[in-house]
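# Summary of structural features
Read off the chains here:
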Protein chains: 2
Amino acid sequence: MSAFEQLMAHARETAALDQIAGRLGWDQETMMPRGAAPQRAEESAAIAGVLHARRTDPQVGDWLAAAAAPDEAGAAQLREIRRSFDRTARVPADLARALARTTARAQGIWAEARATEDVAAFLPVLKEVVALRREEGQALAQGGDLYDALLEEYEPATSAAQIAETFDTMRPRLVALRSAVLDRPMPQRLEGQFDENAQMKLSRQLARSFGYDMAHGRVDKAVHPFSSGSGLDVRITTRTNPADPFNCFYSTIHEVGHAAYEQNIDRAYLLTPLGRGVSMGVHESQSRIYENQLGRSRAYTGWLFGQMREAFGDFGIADQDAFYAAVNTVHRGYIRTEADEVQYNLHIMLRFDLERALMAGDLTVDDLEAAWNDRFAADFGYQVDKPSNGCLQDVHWSVGLFGYFPTYALGNVYAGCLYQALRQAVPGLETDLAQGETTAATGWLADRVQRHGGLYAPREVIARASGMEPGPEPLLDYLEAKFSALYGL
Amino acid sequence: MSAFEQLMAHARETAALDQIAGRLGWDQETMMPRGAAPQRAEESAAIAGVLHARRTDPQVGDWLAAAAAPDEAGAAQLREIRRSFDRTARVPADLARALARTTARAQGIWAEARATEDVAAFLPVLKEVVALRREEGQALAQGGDLYDALLEEYEPATSAAQIAETFDTMRPRLVALRSAVLDRPMPQRLEGQFDENAQMKLSRQLARSFGYDMAHGRVDKAVHPFSSGSGLDVRITTRTNPADPFNCFYSTIHEVGHAAYEQNIDRAYLLTPLGRGVSMGVHESQSRIYENQLGRSRAYTGWLFGQMREAFGDFGIADQDAFYAAVNTVHRGYIRTEADEVQYNLHIMLRFDLERALMAGDLTVDDLEAAWNDRFAADFGYQVDKPSNGCLQDVHWSVGLFGYFPTYALGNVYAGCLYQALRQAVPGLETDLAQGETTAATGWLADRVQRHGGLYAPREVIARASGMEPGPEPLLDYLEAKFSALYGL
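Just so it is clear, the structure is predicted and the values come from calculations on it, not from any experiment. (Residues numbered from 1 in each chain as written. Chains lettered and ligands numbered in written order. Predicted model: local features only at pLDDT ≥ 70, side-chain atom pairs only at ≥ 80, totals over all residues. Heavy atoms only, no water.)

## Quick look at empty space enclosed by the protein
To find the voids left in a structure, one rolls a probe of water-molecule size over its atoms. The following threshold applies: Grid points spaced at 1 Å and placed over the protein atoms alone form the basis of the search, with a cavity being a set where a 1.4 Å probe fits but cannot get out and a pocket an open set showing protein on both sides within 12 Å along at least five of seven lines. Lining residues have an atom within 4 Å of a point. Grid points are joined across faces, edges and corners, and a volume is the space filled by probe spheres set on the points. What counts as a helix is a DSSP run of H or I of at least four residues, what counts as a strand is a run of E of at least two, and both are numbered from the N terminus. Under the scheme applied here, ten amino acids are nonpolar (Ala, Val, Leu, Ile, Met, Phe, Trp, Tyr, Cys and Pro), four are charged (Asp, Glu, Lys and Arg), and all others, including Gly, are polar.
In the structure shown here, the tally under the stated rule is nine cavities of 30 Å³ or more. Of the voids in this model, the largest cavity is the one considered here, and its volume is about 90 Å³. As for the largest cavity, its lining consists of A:I20, A:R23, A:L24, A:W26, A:D27, B:I20, B:R23, B:L24, B:W26 and B:D27. Sorting the residues of the lining of the largest cavity by element identifies α1 (3-30) of chain A together with α1 (3-30) of chain B as the ones contributing at least two each. Of the residues contributing to the lining of the largest cavity, the split by class is six nonpolar, no polar and four charged.

## Points about helix α6 (residues 119-141) of chain B
Residue and element names in this part refer to chain B. In plain terms, the rule: Here the expected span of a helix is defined as 1.5 Å times the quantity of residues minus one. Note that the bend at a residue is defined as the angle between axes fitted to the seven residues ending at it and the seven residues starting at it.
An ideal rise of 1.5 Å per residue puts 33 Å on 23 residues; α6 measures up with 31 Å between its terminal C-alpha atoms. In the structure, α6 departs most strongly from a straight axis at V125, where the bend amounts to approximately 30°. At the exit of α6 stands Q142, carrying a positive phi of roughly 50°.

## Looking at the interface of chain A and chain B
Test applied: The criterion used for residue contact is that any of the two residues' heavy atoms lie within 4.5 Å. Joining two parts hides part of their accessible area as seen by a 1.4 Å probe, and the buried area is that hidden amount summed over both. For this analysis, a salt bridge means a side-chain nitrogen from Lys or Arg found within 4 Å of a carboxyl oxygen belonging to Asp or Glu. Under this definition, polar contacts are N or O atom pairs within 3.5 Å; protein pairs additionally need one hydrogen-donor-capable and one acceptor-capable atom, and for neighbouring residues in sequence, both atoms have to be side-chain atoms.
The interface of chain A with chain B comprises 36 residues on the first partner and 36 residues on the second. Counting each side, the surface lost to burial between chain A and chain B is near 2,700 Å², with a carbon and sulfur contribution of 64%. Area buried by chain A at its contact with chain B is led by A:I20, A:P33 and A:Q39, which between them contribute 21% of it. Our count for the contact surface shared by chain A and chain B stands at six salt bridges. Measuring nitrogen to oxygen at the nearest pair gives 2.7 Å for the salt bridge that ties A:D27 to B:R235. In this structure, the connection of chain A to chain B is made through 16 residue pairs in polar contact (both at pLDDT 80 or more). Tallying contributions element by element places α1(A) first for the side of chain A that touches chain B, with 10 residues. By residue class, the composition of the side of chain A that touches chain B is 18 nonpolar, eight polar and 10 charged.

## Focus: the sheet that holds strand β2 (residues 227-228) of chain B
Residue and element names in this part refer to chain B. So the rule is basically this: Note on pairing: DSSP must find at least two bridges between two strands before they are called paired. Here the axes come from fitting lines to C-alpha atoms, over the contacting stretch only for helices, and the angles between their N-to-C directions go from 0 to 180 degrees.
Taken in spatial order, the three strands of this open sheet run β1-β3-β2, and their pairing is mixed. What marks the edges here is a single partner per strand, and that holds for β1 (219-221) and β2. Sheet topology note: the β2/strand β3 (residues 235-238) ladder contains two bridges and is antiparallel. Residue S228 lies in a different strand from β3, and its bridge partner there is R235. Strands in contact with helix α9 (residues 196-209) are β1 and β3; relative to β1, the strand with the most contacts, it is inclined by about 150°.

## Here we look at the packing of α9(B) against helix α12 (residues 298-312) of chain B
Residues and elements named next belong to chain B. Heads up, the condition is: By convention, the crossing between two helices is left-handed when the near helix turns anticlockwise from the far helix through less than a right angle, and right-handed when the turn is clockwise.
Relative to each other, α9 and α12 sit at 145°, their axes nearing to 11 Å. In this structure, the crossing between α9 and α12 has a hand that is right-handed. In contact with A198, Q199, L202, Q205, L206 and S209 of α9, α12 contributes Y300, W303, L304, Q307, M308, A311 and F312. Taken together, the residues of the contact of α9 with α12 sort by class into nine nonpolar, four polar and no charged.

The following block contains the structure:
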C-alpha cells in the first residue's frame, strides 16, 4: 500500500472509532441508566484516549510527509488529516489532560451555579478554564491570533476580524428591527395543552417531510435536542412540553437540517475525514434554513396548521395567517436557544464580543456578569432579571467552547445566502411548501452543499452553492421583509 | 507506579473499551436503524481491532513478568490477565482474522439456510469454520486436548472428560423422566391473546421482584433476549408474543439472573478482569436458578398467577395449581431455547457430543445432520421434522462457538447444587416466593456467588457457596421430585 492508502486506512478506522464515541454520547443523553454515570465517565475517557493516541501517532506524521494525493478529494483528505494532526500535536499532553479534567469539573459546577443563581460559585473554575484555553490558544496559534486559533477548530479558514466585520454590519439593522417589532400586539398566541405522544408522532411526520431518512436514523427524546453521527447512522433527538409544541416541532426540523447534512454526504467519503460536515457554521446553515427560511415560512406553516388541526383538533387559532404570526412572534426573552429569528443573532454577537475580550485578556472573569448585563440591556432593550437568564444560561464556556458561538450566527448568514439562491433555483418553492413538500428545496441543498461534506472550505462551499460571496445582506433583507410584513410596519 | 499498578491501569482501560464494544452490540439489537448495518460492521471491526491490539501488546507480557500481586484479589487479577494474554498470543493474527471474516460470512449463510431449510447450503462454510476452529484449538492446546482448549474460553478449569462424566450420569435419568411425563395430559394450557404492552409492564415488575436494579439497567425488546454489560450499566432485553406471555416473563427473569450477577459483583472489581462473571456456566447457574428453581416454583407461580389476573383479567386458567402446571408443562418441541426443564439438558448433551466429535475429527460435517436426527429420536422419543427444528436451529456453530454449549447444562448442574444449599439457608423461602418476595434468596446468591465476580474458579465458587463438590445429583433429584409430583407419577 502507498503512504496515502495506509494513511486513509488508518483514518477510516479512526473515523469508525469516532462514530462509536459519538454514539456513546447519544446513549448517555437518551438511554443510559442514571446510575451508570461514573462508569460511563471511565468509558468515555478510555475511547477519548484511544482517539487521541491515534491522532497523535507519529506514524501519521510520517505518512503525511510521504503521501501524494491521487485527486482533488484525496488532496482534501490530506488537508483535513494534516489539520487535525498539527492541531493535536501542538497541544502538550499535560495541557490536554488538564483541560479535560477541569472542564469536566466545571460543567458540574456551572449546572449547580445556574440552579442556585450563584455566579460567584462559578467564577473560580471559569477562571481556570479561561486560563487553560488561552494557554491552548497560544500553543495552537504559534504567534498568530489566539482567538482565531480556537475558532479554527469549529470554523476553519475564517478569522475573527472577518466575523466582527460581518457582525458590525448586522447589529444596527437587527437592533432597529427588534425595536420596531418587539412587544407589538400579535393576533393570537398559542395556548392550551398538547398531548406529548401526539407531538412526537407529528414530529416524526415533519422530519419525514424534510427528507430525514428513518432507515439511517431515529428520533428520540432528550433534555437538549441534538443530532449525532455521520453517514449511515445519524440520530436526532427532540423534546416535548405539553404547553409548547412549537419547541418540539422546530427542534425536530432544526436537527433534521443537521442530520440531513450528514446523511447526504457523498457515500465515497463514508468514514473518512471528508465524511462529515465541514464546519459548525455550514452545519448551522442547514439546520437554520430548514427550521426558519423553510419551516417558519408562511407557506410551510400553512400546511403545518392543517397537520396540527388533524392531530389536536381545534386548538384556538383561527386560520393560517394567525398561525403564521403565532409561530413567528417576537417577544421578550432571555434565553438564546428560545430566541426568535430577529433576536437570535443579537445573542450571538453579545457572546462573541465578550469571549473575544476574555481570550484577549481585555475582560476579566470577575467583570463578565456586569459586561453581559450592560450589553444585553443595550441590544435587547430590557434588563436581565437573574443570572440563569444571563451569563449562566449556556453550558459552552464551562466546557471550554470559546470560538464556537459565532458559528451559530455565521450559519444564519450562510442560510440567508443559500435561501436567496434557492428561491431563484426553485420557482415553485412556495407552492411546494404549502403542501408540506420540500423535495426540490432539500434536493437542491443536498446537491449544492450537503453532498460535498468536507471537500470545500466553509465559505467556498457556500459561495459555490449560492453564487455569491457570503455576506449578511441577504439574511438582513429577508428578516426585514418578513417581519415588516408580519408586523405591518 | 509498580508493574502491577501499570498493568491494572491498562486492564481498566481495556475493560472500559470492552464495555463500549458490548454496548455497541446491545445498540445493534435494540436501537440501530436498519440501514446502518454496513457502517456498524466497520465500527465493530475497529473497536475489536483496538481491543485485540491492547490484549496482545508486548508491554502486557513485560508487566506480567514483573508484576507482584499485593493480595488474593490481585493474584486473581494477574491470573485472569495472564490467561487472556496467553490465549490471544497463541493464535496467529492471520488465523484470528480468517476466523473473524469466515464466521461473519457464515452467520449470514446460516440464517439464509435456516430460512430455506437448506442444510446443504450451509455445510461448505461450516466446514471452513470447523477447520479454522480446529486449527485455533491446536494452537491454544499446545499439545493438550483441543476441545478442552476451546472450552477454557467459556468455562476455565474444567475438562470435557469431567463434563462427559457428569452428562453420562444425567442422561439415563433424564431420558427416563422424559418418557414418563411426555405427552401426559395436563389440566389446562394457556390460550388466548395477551396485550404486549401489558406483558412488558408486568415484565418490568417481575424484574424488580428479582432485585434487578433499574438505576443501573434497563429493559428493552429484542428478537433474541440477552443481558449486556457489567458493573453500573447492565441492560437486559426480552421479547413479546401476544400468544405466549410466559416466553416474555421467563426470558425476563432468566436475563435478570445474568444481569444480577454482573450488577452485584464487588464494586472494588469494577472495570477490572474480576469485574465480570467468572464463566458461562456460573452465569447460566444464576439465570437458571432465577428462572426455574425460583421463578417456576409452585410458590412464585402462585404469586405470578395473581399478577397476571390483575394485568389481564380472567385468562381462562382457574387456579394457582392449574397455573403452576401450565407453566411447567412438558411437551414435544424441537427448539432448545423453548425447552422445558426436563428436556433442556438433553438438547445440550446432544450438541456437546456432536461438537466434540466434530472437533476430534470423528464426525464429518457431511454426516452432521444424520447424526443429529438419530440422536434426537433416541433421546427425545420423536423425529426431527425439518432442519430448522434440527441441526440448523442454533446460531452457535456458524459463529464458531464450539465449547460453549456444555456451559448451559453446567449452569443447570450448578443451579441444582446452589438451590439445595439455598433451601437450607433460607427456611422461609416458599413463604417469601408466594408473595413475590425474593430478597432473602437473591441476597444469599449475591453474597455467596455473585459478589465474587472472577475471584474464584467456576467450580470453586459453586463449591464454596453450596458447601458441596458440584455434581448432577441435586439437579436430578429436584427435577424428578418436581415433575413426579406435577404429573402424579
